[in-house]
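# Overview (structure and organization)
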Amino acid sequence: GTVRRRPFPAAAPGSPQPPGPLYPGRHGAVKNEDTFKTSPFHLDLWFYFTLQNWVLDFGRPIAMIILPLEWFPLNKPSAGDYFHMAYNVITPFLLLKLIERSPKTLPRSMVYVSIIMFVMGASIHLVGDSVNHRLIFSGYQHHLSVRENPIIRNLKPETLIDSFELLYYYDEYLGHSMWYIPFFLILFIYFTGCFTPVQEESRMPGAALLLMGPSSLYYWYLVTEGQIFILYIFTFFAMMALVMHQKRKGLVLDSNGLFLFYSFIITLVLIALWVAWLWNDKILRKKYPGVIYIPEPWAFYTLHMNNLHAAKESL
């Protein structure tokens, strides 16, 4: 005859449920929690990010120029170098705290490797940037290439010029790549967890709107001075594609995702205005001859602002 199967015995109250479609296991429960869990706006983290970016990154060269040279001799680290050291410690910590607050379980191995690469790249940049900015006091002009600088092209033997070009490579290319690629990758990884099915969570508080301006302006500085427009625009396009993909599933950005996404949009507008303003600058055009013409703010400073200061001093 037919074999009759005994029904699965019901679990006693308070006992662990067996895995299955009716009783999802521990991993299934985590996935459901990730899907519907929302996160409030991280006012403290975004404020700390904005503050330390402006002070420790943008303020580095300014502190080096403003503070008396007697306090920080040319053969010693400058005030900006100490700012950079603090940035290299604080920023990875804030990035890790940001990842910890994500409502979604994110790939930790990728995050840790990105943080390690970030610290390596920022440290390489610390050395190269320190020497390059100290050269300003010797007459180095950032709007010119290494070999076109008067203080460099007269060096003897000429192989010293190759050493300065190597230093420039570590500063502007290798250091920037190892610094900014992991930075934007971590921001994008965090962005993937900023979606919610709750429409009410897709609103930004007033404090977020106030922080958006300084945050976007810093990203403008980061992209233009770091010459990483390709990296930035690919990250932005990936964000847009993810937003459209999640929208089909009925998910919208939460307040943190909106803050990051709108900051990138404003950054793109600022970059377009910056390029339009300097579009006909022949000297900067010579230094940035490629298809993508985005001058560095410090190149603009050494070209125009230094001349303005010299003219005022001569009066």
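Residues numbered from 1 in each chain as written. Predicted model: local features only at pLDDT ≥ 70, side-chain atom pairs only at ≥ 80, totals over all residues. Heavy atoms only, no water.

What follows covers the UniProt feature "transmembrane region" (unreviewed entry) in the protein chain. UniProt records the feature "transmembrane region" (unreviewed entry) at residues 82-99, 111-128, 179-198, 228-245 and 257-279, using the numbering of this structure. Between the end C-alpha atoms of residues 111-128 there is a gap of 26 Å, over a span that is 100% helix and 0% strand. Taken end to end, residues 228-245 comprises 94% helix and 0% strand; its first and last C-alpha atoms sit 26 Å apart. (UniProt positions renumbered as here; feature names shortened; annotations may be inferred. Helix = DSSP H or I, 4+ residues; strand = E, 2+ residues; numbered from the N terminus.)

Take the confidence of the model for the protein chain next. Per-residue pLDDT for the protein chain averages 84, and the proportion of residues at 70 or more is 85%. When the criterion is pLDDT under 50, residues 18-36 qualifies, and its contacts beyond four places in sequence or with other chains add up to 9 contacts. When the criterion is pLDDT under 50, residues 308-315 qualifies, and its contacts beyond four places in sequence or with other chains add up to 1 contact. (pLDDT = per-residue confidence, 0-100. Contact = heavy atoms within 4.5 Å.)

All right, on to helix α6 (residues 159-191) then. In this model, α6 (33 residues) spans 47 Å end to end at C-alpha, consistent with the 48 Å of a helix rising 1.5 Å per residue. For α6, the principal kink sits at His176 and spans about 40°. (Expected span 1.5 Å × (residues − 1). Bend = angle between axes of the 7 residues up to and from the residue.)

Looking now at the environment of Thr192. Summarising the element assignment, Thr192 is placed in the loop between α6 and β1 (195-196). For Thr192 and Gln246, which are 54 residues apart along the polypeptide, the C-alpha to C-alpha distance reads 9.6 Å. Excluding anything up to four places from it in sequence, Thr192 contacts Lys104, Leu106 and Leu242. Within polar-contact distance, the side chain of Thr192 engages the backbone oxygen of Ile189 at 2.4 Å. (Polar contact = N/O pair within 3.5 Å; in protein donor to acceptor, adjacent residues only side chain to side chain.)

Our next topic: the packing of helix α3 (residues 79-100) against helix α4 (residues 108-134). Relative to each other, α3 and α4 sit at 165°, their axes nearing to 10 Å. By the angle class used here, α3 and α4 are roughly antiparallel. The way α3 lies across α4 gives a crossing that is right-handed. Contacts from Asp81, His84, Met85, Tyr87, Asn88, Thr91, Pro92, Leu95, Leu96 and Ile99 of α3 reach α4 at Val111, Tyr112, Ile115, Phe118, Val119, Ala122, Ser123, His125, Leu126 and Ser130. When the residues that make up the contact of α3 with α4 are grouped by side-chain class, the tally is 13 nonpolar, 6 polar and 1 charged. (Axes fitted to C-alpha atoms, helices over the stretch in contact; angles between N-to-C directions. Parallel < 35°, antiparallel > 145°, perpendicular 65-115°, else oblique. Left-handed = near helix turned anticlockwise from the far one by under 90°. Nonpolar A, V, L, I, M, F, W, Y, C, P; charged D, E, K, R; others polar.)

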